[in-house]
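As a plain string of letters, each chain reads:
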Amino acid sequence: MINMRSAKKLFIPVRIILVIAMLGLMGPHGGASAAIISTESAVQADQARSDIRKVLERAEIRDALMKQGLDAAEATQRVDSLTDAEAVRLANEIEKLPAGGNALVVAVVAATIVFLILLFTDIAGYTDIFPFVKK
Amino acid sequence: MFRLFRAAVICLTIGLFYGCASFDGARLPPSDSLKVPPHNEIGNIPFFPQTDYQCGPAVLAMGLAWSGVRTTPDTVAPEVFTPSLKGSLQSAMVGAGRRNARVAYPISGMTALIKELAAGHPVIVLQNLGLSWAPVWHYSLAVGYDLHDRIIILHSGKTARKQLSLDVFRRTWARSDYWGLLILPPDMMPATAQEDVYIAAVIGLERARRWNEALAAYVTALNTWPSSYAAHLGMGNCYYALGDLNGAETVYRGMVFRFPEKGAAYNNLAQVLAEQHKYPEALAAIRSAIRIDGAFADEYRKTLDEIKAKMKTGDY
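Predicted model, so just to flag it, every value in this text is computed and none were measured.

Definitions and cut-offs
- Residues numbered from 1 in each chain as written.
- Chains lettered and ligands numbered in written order.
- Predicted model: local features only at pLDDT ≥ 70, side-chain atom pairs only at ≥ 80, totals over all residues.
- Helix = DSSP H or I, 4+ residues; strand = E, 2+ residues; numbered from the N terminus.
- Buried ≥ 20, exposed ≤ 12 C-beta atoms within 10 Å, placed from the backbone.
- Contact = placed C-beta atoms within 7 Å.
- pLDDT = per-residue confidence, 0-100.
- Nonpolar A, V, L, I, M, F, W, Y, C, P; charged D, E, K, R; others polar.
- Core = buried A, V, L, I, M, F, W, Y, C linked by C-beta atoms within 7 Å.
- Axes fitted to C-alpha atoms, helices over the stretch in contact; angles between N-to-C directions.
- Parallel < 35°, antiparallel > 145°, perpendicular 65-115°, else oblique.
- Left-handed = near helix turned anticlockwise from the far one by under 90°.

> Sorry, what's going on with the overall build of chain A here?
Along its length, chain A carries 6 helices and 0 strands. Considering chain A as a whole, with its 135 residues, one finds that 24% of them fall into the buried category. By sequence separation, contacts in chain A at least 24 residues apart represent 41% of the contacts at least 6 residues apart.

> What is the right way to read the confidence of the model for chain A from this model?
In low-pLDDT regions, the fine details of the predicted coordinates are not to be read closely. Residue and element names in this part refer to chain A. When pLDDT is averaged across chain A, the result is 72; 59% of the residues are at 70 or more. Of all secondary-structure elements in chain A, the lowest mean pLDDT belongs to helix H1 (residues 4-25), at 50, while helix H4 (residues 72-80) reaches the highest, 93. The low-confidence segment residues 1-8, where pLDDT is below 50, has 1 contact with residues more than four positions distant or belonging to other chains. In this model, residues 22-33 is a region of pLDDT below 50 whose contacts with residues beyond four sequence positions or in other chains number 18 contacts.

> Looking at this model, I keep getting lost on the confidence of the model for chain B. Mind explaining?
Residue and element names in this part refer to chain B. Per-residue confidence for chain B averages 89 on the pLDDT scale, and 90% of its residues sit at or above 70. Low pLDDT, under 50, characterises residues 1-24; the stretch is placed with 52 contacts to residues that sit more than four places away or in other chains. Among the scores for the predicted complex, ipTM is 0.80 and pTM is 0.81.

> Is there a simple way to explain the interface of chain B and chain A in this structure?
Where interface size is given, it is often the accessible area lost as the parts come together that is meant. Counting residues at the interface gives 51 residues for chain B, matched by 40 residues for chain A. Taken together, the elements giving at least two residues each to the side of chain B that touches chain A come down to helix H1 (2-8), helix H5 (90-99), strand E8 (159-165), helix H7 (166-174), helix H8 (195-207), helix H10 (229-241), helix H12 (263-275) and helix H14 (297-312) of chain B. Taken together, the residues of the side of chain B that touches chain A break down into 28 nonpolar, 14 polar and 9 charged.

> What's the story with the nonpolar core in this structure? I'm lost.
Grouped burial of nonpolar side chains is what soluble globular proteins tend to show. Ranked by size, the top nonpolar core spans 102 residues in total, and within it B:Leu60, B:Ile124, B:Ala142, B:Val202, B:Tyr218, B:Ala270 and B:Ile286 carry the most contacts. Take this core: its biggest share by element is 9 residues, from helix H3 (residues 55-66) of chain B. Setting aside residues no more than four positions away along its own chain, B:Ala270 makes contact with B:Ala282, B:Ala285, B:Ile286, B:Ala289, B:Thr303 and B:Ile307. Listed in part, the 8 residues of the second largest apolar core include A:Ile61, A:Leu65, A:Val79 and A:Ala87.

> Please clarify how the packing of helix H9 (residues 211-224) of chain B against H10(B) should be interpreted in this entry.
Residues and elements named next belong to chain B. In the contact formed by H9 and H10, the axes pass within 9 Å of each other and the chain directions differ by 155 degrees. The angle between H9 and H10 falls in the class roughly antiparallel. Note that H9 runs across H10; the crossing there is left-handed. Here Trp211, Ala214, Leu215, Tyr218, Val219, Ala221 and Leu222 of H9 lie close against H10, whose contacting residues are Ala231, Gly234, Met235, Cys238, Tyr239 and Ala241. Looking at the contact of H9 with H10, its residues break down into 12 nonpolar, 1 polar and no charged.

Encoded structure:
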């Protein structure tokens, strides 16, 4: 069985190829070739972030979305419909995604406690979970 | 009891906010200072009841349908839903709006929400119906309000026109840091529009390669902010992306008169001139850009080199 670390290493060359391929596909937004200066780069105050770094970040988000079960084409489209600023925000957010995989017993106990608390806060008008609580 | 809880968890989205951020501007000022009618409800918004966990697709489909896109929750689900998360990320809602040729404009706070509803624009809102440490994330579509009765009207879950007290709504919305989203056709301006936010939203349309709609949205921007440099440049760039070199040239020519201190317009003008084999003019334009200098100086020099190379190969 391959452990996570060696699996990650295996993917490095794949990643590099992906990044190069994406650079080629970037077109007017990439800045890899001269030509037209995009609206986006023209309004960006912070010019310090290099285009390579932005492309890398997009490749990382794409990988992360694929790990969440999206196919490559859909993951690419989702990343491509975001501005650089939005892509950076998403990259930061994806890192915080919960890992999941809690034990069932813990989940049932927690759910019971949470139910009672939410019932109370619903009655107090702080939350809006249960349709049977009149608000 | 567990089943009951499950049933109550209408729709779980992975909210990415931990705890509520600032409340500034969140509370409504007295209704007369808002300058909105005391109540308004937007009619003619189709209602799609959601299925399990599918509040994102249902709400987005309603917003899109209101804006004139013929769609259904099942059609948009593959563009927003992430099965492993049993939910829809906010960025996917934004992106899917653009992929359906609509301007996805973010708003935040109760005042902006009421103003948009008063202007007849429904607002997608992300609520945490639970608590910050026991989140139940849920998307709804706000469709109306009544300031006198202090209620908000939502298309939410399986309920059309759900009436909820403004206070309860505000608490559930605050937990997403008041995350709201407008889905607008490109000829419609948000009531609370800010220039930089609107331009960023249109750049998103460019990102999604919806050049025709981005072009229309830049025109809308110029109606509101006639001197917007970004909207002018965006217009030119959309024409260019659409292969309309004449259209692009006209816009860039206007820009170098209007914004003579901006090198990017000269650079892009030089590029479209060169592509039309108008080399002497292209050279003059790119030299102006290089004289201006600035953040894109390297790009200007690259453009100059490319023009020279093209001239050498005799590509006339």
